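Fold and contact review
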Amino acid sequence: MAENSENSGMSAPSAGAAPAGAAPASAAEVEAAREARRAAIMAERASRRAARAATETAPAGQGDAAIASNAADAPATAPAAVAAPTVAAGLQAPGIAAAPAPTAAPSLSELAMPKNFRIIGKSQPKVDGMPKINGTARFTDDMKLPRMLIGKTLRSPHAHARIVRIDTTRAEALPGVLCVITGKDIPTKYGIIPVAQDETALALDKVRYVGDPVACVAALDEETAYNALKLIQVEYEILPTVMTIEDALEGKVLIHEQNKTGNVLKNVQQSFGEVDALLADSEVVVEDDYYYEGNTHVPLETHSALASWDHEGRLELWSSTQVPHYLQRELAKVLGVPQSRVRVVKPHFGAGYGGKSEPFSLEFCAAFMARKTGRPVKITYTREEVFYAHRGRHPAKMWLKLGARKDGTLTALDFKCWLDGGGYASFGVVTTYYTGVFHSLPYNLPAFRWDTTRLYTNKPPCGPKRGHGAIQPRFAFEIALDQLAEKLGMDPAELRRKNFISPGHKTVNDFQVTSCGMKEAMEKVLVESQYFEKKGKLPRGKGIGVACSAYICGAGQPIYANDMPHSTVNVKLDRSGCATIFSGSADIGQGSNIMLAMIVAEILGIQVADCKVIEADTDLTPVDLGSYSSRVTFMVGNAARNAAEQLRIKLLQATADHLRVPVEEIEQVGQEMRYRKDPTRKIPFQRAIHEAEARFGGLIASGTYKPPRLSTRLGGRGAGPSPAYTFTAQVAEVSVDEETGLIEVERIWCAHDCGRALNPVVVEGQIEGSVYMGFGEAIFEAQRYYKNGLMTTPSILEYKLPTIHDTPEIKVFYIETLDPNGPFGAKEAGEGPQLPTAPVVANAVFDAIGVRFKSNPMTPDVVLKALEGRTTRKNMRMA
Amino acid sequence: MQKVLIPLEINGETVEVAVRPHQTLLDTLRDSLDLTGTKHGCDIGDCGTCTVQLDGIPTLSCLTLAMDVIGRQITTVEGVAQDGVPHALQVAFDQQGAAQCGYCTPGFIISGVALLKANPSPTLEEIQHALSGNLCRCTGYTKIIAAVQQASQMLQQAGTGAAAPSGASTGTPHAAAHPSTAQEV
Amino acid sequence: MLKLPEFQFHRPSTVEGVLELLTRHGSNARIVAGGTDLLPSMKQRLFTPDHLVSLRGIETLRQIEISPDGGLTLGATVTLRELTLHPEVQRLYPALASAAGQIATVIIQGMGTLGGNILLDTRCYYYNQGEFWREALGKCMKADGTICQVARNSPSCLAAFSADTVPALLVYGAVVRLVGPSGTRAVPLSELYQDDGMRWLKLLPGEILTEVILPPPPSGLEARYDKLRVRQSIDYPLVGVAIGLVRDQAGTVEQARVILNAVSSMPESVPQAALLLGQPLTDEGIEAVAQAAYTQVKPLTTHGVQPIYRKKMVKLTVRKALQGLMMKGMPGQAV
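Residues numbered from 1 in each chain as written. Chains lettered and ligands numbered in written order. Predicted model: local features only at pLDDT ≥ 70, side-chain atom pairs only at ≥ 80, totals over all residues. Heavy atoms only, no water.

**Re the sheet that holds strand β1 (residues 149-155) of chain A**
All names here are of chain A. Within the open sheet, the seven strands sit side by side as β3-β5-β1-β12-β9-β10-β11. Their pairing is mixed. Only two strands of the sheet have a single partner each, and these edge strands are β3 (177-182) and β11 (342-345). Across the sheet, the axes of successive neighbouring strands diverge by a mean angle of 20 degrees, strand direction being ignored. As judged from the four bridges shared by strand β10 (residues 315-319) and β11, these two strands associate in the parallel manner. (Pairing = 2+ DSSP bridges. Helix = DSSP H or I, 4+ residues; strand = E, 2+ residues; numbered from the N terminus. Axes fitted to C-alpha atoms, helices over the stretch in contact; angles between N-to-C directions.)

This is the structure in structure tokens:
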């Protein structure tokens, strides 16, 4: 596959390159340099051979072979090749045509890859778990600096207004107030997507939603700052508002006057295959409208940022952000300082679910006011402010037409979508793509067309929430499949099974699927839930439903165009035997730190407890793009593996040289490195580290990951193509109280193809959390607004996130397909499992009460109303 | 308003702290005493992240005035471990992966420890009831319930057997949690 | 973090001390006990009193005592949690224990007090919000505004009464002891309220509630409190219904009370409960009372859920509660 060559973007590890480049000063160093050069040459040779072997023999993306290097000239008798067929073969996904294992030479991966996993695949407590449990973990708002000021934001009470005048003099005069700023102070526009930068830290001349930041105050304490806000006088010229998709399309009132396409942020249309002809020929067609309600993340930690400048004009900013790197870039631009002067650190992080994946007003304001006052400034949002900062799920109006043959084979889909995006762009361009491109998974769909319009409205901006952009169309599609099944007289599960794609599938829109456990996942939930035993046999008011989905493992492209790695991980192996892992990735509670420690420990032959993870600090850690789009395990994991392998090879090489035996014959048993054929020839593991350091210099390696070049035939390169896809099947069992309209979701079975479950307990937790969040969106949660643009429920009392009493029993199964390109075969688990949950509940509710919900949330009043309507409809149908 | 110096009994120690009359216990713990293990999530009593124990009873520190709890025994998450040994529930939370982002965790620990003290072998319903004032947004509560169940078992074993809860008695939780490590590579 | 507005704090150890402070500071002072209702509202700047007077220092208000007549006297600062767990409360007044256990969250039950629940501020979607929010919408008459956001033509405030213990207490014929500058009076709880969201309590200036007197329940009394809410924790009632029935040995209903919660600014009695009297419980009788309750209530948009839904749920909840009692069978067998 073409992807293989791209994987060489992972810097070919050259064991001796660094010392070889240095000027040797002593005999020992000369010797070391010579050794290193020899190793480098060997590595290159092996690399070429391995790559050749891979391209010739491996159809399913033997990414491991492609990054091979640094193998010795000796024939392939590496432990992995002998004992475990080969690492690569061990990573075969079920169903992929088994490739003959490359036997020509052991790759670096093969040499470094342990024969039996000590750590991978076994549940491990998080490296940063206990601090969160015993109260010692420091989150951003737990931090304090000497002379620190507290900032507070004045927000617009109007949904759409021109700022005529702001008078801050009275606020400035309040004792204890040190700084008051308005939009004019920080006028540079920013935005997470380079082509759609339409935000300023504080509104410049216009406000565009209730809650839009207008001014910011820094004071000695929070109460003074709060009181100062009341003294700021803002004169607004109130403008007519755009509160609906229809109003936005009409375009009488413009929210961003300079936007060339009116209130349309983005419209994308793509078409694949002969949609119209296939739909016309379809024996059964479903055509319907669907609506997915907006909702929001509600991380329990509210946004917080703490800024401090040093005497040389360097900014340090601690922030609860999922994207330290992007934040660093935007801060530098907006503050007018070089990026080299900006350090962003993400401390312990109280969750985001996508809600902290872009720069926010508070980060710029804290930084700006800290510079202006010469004192550290901290801003922490209140819970209410988080509801205004939002960036949650876009409300989506959808229409689709889906065709099938009489036997249930899907033919084509026509899909239209309008996204109610709020006052600013946020990730909206990406959201637009994500509503369209995933229709070709996980079912074989020979043709489809989609047309999505993302609109500006006078509401808090929508953005990425778990399952970004894919949740809404999946809701429509999975319900449409049930409607189709009903028309066909087929069981909904049968209809799905009939259309599943297989491993290695290439979609009509050019997505290359590698591993795929869709069928296995489906079988698992059907069996575990006893779906067929229950279907049609449950008592009145009880129902069972099914839904499936697919999701990405990171995007093929970074957010700003560049050819650099998406992820770099540096690993330093200390003489003490302790490895320090430096990664720019952000552990946002999903467990990326333990993932890093496990991968590195496994490969280096040390314990997780011997690994220290330094994460998300732009001064210390190499760039990673951030924790979004389910990219971290796949991309950062691969980079970490790559770095660890380089060091492991050095350990093996140094040991082999010391024992004067071939490197392939070194094995580690416990704390010893020894010659396989004569175990009396051995050195302690620690000695191997010292030998390696003596030979190669400091044991530091940098591993990188960059996705293979994925589909570029179409526009929107970054949205959709992914190095791997995950697959999820769910069954839900519900009972509906037909008198109150209350839906009780009793149980959800979820089987998720996560590749390899590196850390099962963490994978399970990600799946459970995803299902929980989808359940909340199905039954309870809605972010809605009054006509004047005010959010109706800006508190946890009124915004109904489920409590422990409301949450269903969640039965989790992971399907381990072992992706050929994932680290140890791993894929994502943090977002994909949410996709089927809302539709699976809707489908089960239909089974229970015969009412087809095509919108959410299914609150009791809505359900009751629909039940009353059902009686009428049924009577009509019978008449 | 002028500050008043008051004594508070926190985690078994008497501390003197200067508070202003309108300071909540949460403000006092976090801002005055640097006991930042107690978190704030909503500030108006809806989420449970700020839960501490007052005389053993889970209490929202965001809705409790510092000056109103003089003489009461206050336990924060920092005071749950004894002599550096984590409580069985903390060990279980770690092993079960019950803390994801960890922000709600101190509140759950406080509620869970109070439950286990009053009722060492709670049923599922009793666990759900005791934790129904604490919101978690990451876990779907599944692993949290599992952790309370595991801790209950650990405590019972400790009660019936000779030893303290496994892991809790033998040093760091990680020593107990990590599988044996001297395996072949 | 959301901070409280500034105030002076007082923690007297006697009721007299409280009265003295209230007399001295008048409307600039407020009583705080559990704090779970007052303090969120203060953080939202619904109130900014200069003085807060805590009742936590008064030991006598925290007691539950068995009265000479066999009833109970409950101190005002007995917590809701204590009510749910107290064996005598459970035995004599199970609907009260049950109602207390359905309030908010289990943590809030450990903080909130009986007196605080009885005097709970009326609630409304447009009122129980932060300062910014209320300013952005336009303030309502209950908090510094002039109009009612629920019904703009309404001359009075329509905020809803939502205290879950009160309907149960009413079923048990509770009397409250009020202590004020001009002395002590015992008032039937049913006479404490009026249907006005801003002045729902008929308390005299400077008066405080010190205890609740529950007469011994008449023999044959069965009572229950049912609460409908969106989430099974945290939430205030969409609808609450307390039922009290006294039946004789033959099953004939001798007394019947139906009290509705959260549908107007005071607990609302259903007079047509009298339809049940003089005969055993029948489906027809139950349906008639449920229908009467439905016809009687006019819930408004004081919640996020549509009023028509809540109106329907009044009927359903009344019916189900009565059916529940019918299913339990004869009083002799009932608990």
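Once you've had a look at it, read on.
**Quick word on the nonpolar core**
In this structure, Leu402 and Leu484 of chain A together with Ile118, Leu189, Val212, Leu260 and Val318 of chain C are the most contacted members of the largest nonpolar core, which totals 307 residues. It is helix α17 (residues 471-488) of chain A that contributes the most residues to this core, ten residues altogether. Setting aside its immediate chain neighbours within four residues, Leu189 of chain C contacts Ile118, Val166, Leu169, Leu170, Ala174, Val175 and Val176 of chain C. (Core = buried A, V, L, I, M, F, W, Y, C linked by side-chain atoms within 4.5 Å. Buried < 20%, exposed > 50% of the residue type's maximum accessible area, 1.4 Å probe, protein only. Contact = heavy atoms within 4.5 Å.)

**A word on the pairing of strand β10 (residues 239-247) of chain C**
All names here are of chain C. Across the nine residues of β10, nine count as buried, placing the element largely inside the fold. Burial along β10 is two-sided: the residues Val239, Val241, Ile243, Leu245 and Arg247 and Gly240, Ala242, Gly244 and Val246 are all buried. As defined by bridge partners, strand β9 (residues 221-228) adjoins β10 across eight bridges and the pair is classed as antiparallel. The residue bridging Arg224 from the neighbouring strand is Ile243, located in β10. Bridge count between β10 and strand β11 (residues 253-261): eight bridges; the pairing is antiparallel.

**Quick look at the interface of chain B and chain A**
Facing the 56 residues of chain B at the interface are 66 residues of chain A. Summing the contributions of chain B and of chain A, the shared interface buries around 4,900 Å²; its carbon and sulfur component is 56%. Inspection of the chain B/chain A interface yields eight salt bridges. For Asp142 of chain A, the salt bridge identified is with Arg30 of chain B, shortest N-O distance 2.8 Å. Counting across the chain B and chain A interface gives 26 residue pairs in polar contact (both at pLDDT 80 or more). Secondary structure elements with two or more residues in the side of chain B that touches chain A: α1 (25-32), α2 (88-96), α3 (105-118), α4 (124-130), α5 (142-160) and α6 (173-177) of chain B. Per-element tally for the side of chain B that touches chain A: the top contributor is α2 of chain B, with six residues. Classifying every residue of the side of chain B that touches chain A by side-chain character gives 22 nonpolar, 23 polar and eleven charged. (Buried area = accessible area lost by both parts, 1.4 Å probe. Salt bridge = Lys/Arg side-chain N within 4 Å of Asp/Glu carboxyl O. Polar contact = N/O pair within 3.5 Å; in protein donor to acceptor, adjacent residues only side chain to side chain. Nonpolar A, V, L, I, M, F, W, Y, C, P; charged D, E, K, R; others polar.)

**Some points on the pairing of β11 of chain C**
In textbook terms, the turn of a hairpin is the stretch between consecutive antiparallel strands, and for β10 of chain C and β11 of chain C this stretch comprises five residues, one of which, Gly251 of chain C, has a positive phi near 95 degrees. In this antiparallel pair of consecutive strands, β11 of chain C and strand β12 (residues 268-269) of chain C, the connection spans six residues, and Ala262 of chain C shows a positive phi of 75 degrees.

**Describing α17 of chain A**
Taking 1.5 Å per residue, 18 residues should reach 26 Å; α17 of chain A reaches 26 Å between its end C-alpha atoms and fits that length. Most of α17 of chain A sits inside the fold, with 16 of its 18 residues counted as buried. (Expected span 1.5 Å × (residues − 1).)

**Quick look at the interface of chain A and chain C**
The interface is formed by 38 residues belonging to chain A together with 31 residues belonging to chain C. For the chain A and chain C pair, buried surface summed over both sides reaches about 3,000 Å², with 59% attributable to carbon and sulfur atoms. For the chain A face of the interface with chain C, the top three residues by lost area are Glu739, Tyr786 and Leu797 of chain A, together amounting to 16%. Applying the counting criterion to the chain A and chain C interface returns six salt bridges. With a shortest N-O distance of 2.9 Å, Glu739 of chain A and Arg319 of chain C are connected by a salt bridge. Taken together, the links from chain A to chain C amount to 14 residue pairs in polar contact (both at pLDDT 80 or more). Elements represented by at least two residues in the side of chain A that touches chain C include exactly β1, α10 (222-229), α15 (383-389) and α26 (860-878) of chain A. Top element by residues in the side of chain A that touches chain C is α26 of chain A. It accounts for four residues. Partitioning the side of chain A that touches chain C into residue classes produces 16 nonpolar, nine polar and 13 charged.

**A few points about unusual backbone geometry**
Among all residues save glycine, negative phi is the norm, and among peptide bonds the norm is trans. All names here are of chain A. Of the consecutive residues Leu441 and Pro442, the connecting peptide bond is found in the cis state with omega at -5 degrees. Locating Pro442 in the fold gives a position in the loop between α16 (428-434) and β15 (447-455). A cis amide bond, omega -10 degrees, links Asn856 with the succeeding residue Pro857. One non-glycine residue, Ser426, adopts positive backbone phi at about 45 degrees. Among the structural elements, Ser426 can be located in the loop between β14 (410-420) and α16. Residues other than glycine seldom take positive phi values, yet Asp510 does so here, at roughly 75 degrees. Turning to its location among the elements, Asp510 is positioned in the loop between α18 (492-499) and α19 (518-529).

**Here we look at the packing of α17 of chain A against α18 of chain A**
Residues and elements named next belong to chain A. Between α17 and α18, whose axes approach to 8 Å, the crossing angle comes to 110 degrees. Judged on the interaxial angle alone, α18 and α17 are roughly perpendicular. Here Glu478, Leu481, Asp482, Leu484, Ala485 and Leu488 of α17 come into contact with α18, specifically with Pro492, Leu495 and Arg496. Residue classes in the contact of α17 with α18 are distributed as six nonpolar, no polar and three charged. (Parallel < 35°, antiparallel > 145°, perpendicular 65-115°, else oblique.)

**So, the pattern of salt bridges**
Residue and element names in this part refer to chain A. Applying the stated criterion to the full structure yields 88 salt bridges over all chains. Across the pair Lys465 and Glu777 runs a salt bridge, and its minimum N-O distance is 2.7 Å. Residue Lys465 is located in the loop between β15 and α17, and its partner Glu777 is located in helix α24 (residues 760-779); the two are separated by 312 residues in the primary sequence. Relative accessible area serves as the criterion here: at 1%, Lys465 is assigned to the buried category. Taken together, the salt bridges that share partners define one network made up of Arg474, Glu478, Asp482, Glu486, Arg496 and Arg852.

**Points about helix α25 (residues 837-849) of chain A**
All names here are of chain A. In this model, α25 (13 residues) spans 18 Å end to end at C-alpha, consistent with the 18 Å of a helix rising 1.5 Å per residue. The buried count for α25 comes to twelve of 13 residues, which makes it a mostly enclosed element. Where α25 is concerned, the buried positions are Thr837, Ala838, Pro839, Val840, Val841, Ala842, Asn843, Ala844, Val845, Phe846, Ala848 and Ile849. One or two steps after α25, the chain reaches Gly850, where phi turns positive at roughly 75 degrees.

**Thoughts on the packing of helix α22 (residues 632-659) of chain A against helix α23 (residues 685-696) of chain A**
Residue and element names in this part refer to chain A. Here α22 crosses α23 at 95 degrees, and the two axes come no closer than 8 Å. When the axes of α22 and α23 are compared, the pair comes out roughly perpendicular. The residues of α23 that touch α22, namely those facing Arg648, Lys650, Leu651, Gln653, Ala654, Thr655, Asp657 and His658, are Phe685, Arg687, Ala688, Ile689, Glu691, Ala692, Arg695 and Phe696. The residue inventory of the contact of α22 with α23, partitioned by class, reads seven nonpolar, three polar and six charged.

**A short note on the packing of aromatic side chains**
How two aromatic rings sit relative to each other is set out by the distance from centre to centre and by the angle between their planes. Enumeration according to the criterion identifies 29 aromatic pairs over all chains in this entry. Aromatic pair Phe272 of chain A and Phe448 of chain A: ring centres 4.9 Å apart, planes at 35 degrees, arrangement tilted. Of this pair, Phe272 of chain A sits in strand β7 (residues 264-272) while Phe448 of chain A sits in strand β15, and the two are 176 residues apart along the sequence. You'll find Phe272 of chain A and Phe448 of chain A in the same group, each marked buried. Pairing Tyr443 of chain A with Phe477 of chain A gives two aromatic rings, centres 5.9 Å apart and planes at 15 degrees, and the pair type is stacked. Taken as a pair, Tyr443 of chain A in the loop between α16 and β15 and Phe477 of chain A in helix α17 lie far apart in primary sequence, 34 residues in all. The pair Tyr443 of chain A / Phe477 of chain A is uniform in exposure class, with both members buried. One aromatic cluster is present, built from ring pairs that chain together Tyr434, Phe438, Phe511, Tyr551 and Tyr725 of chain A. For the cation-ring pair, Lys142 of chain C lies above Tyr127 of chain C, with the distance from its terminal atom to the ring centre recorded as 4.7 Å. (Phe/Tyr/Trp six-rings, centres within 6.5 Å; stacked < 30°, edge-to-face > 60°. Lys NZ or Arg CZ within 6 Å of the ring centre and 35° of its normal.)

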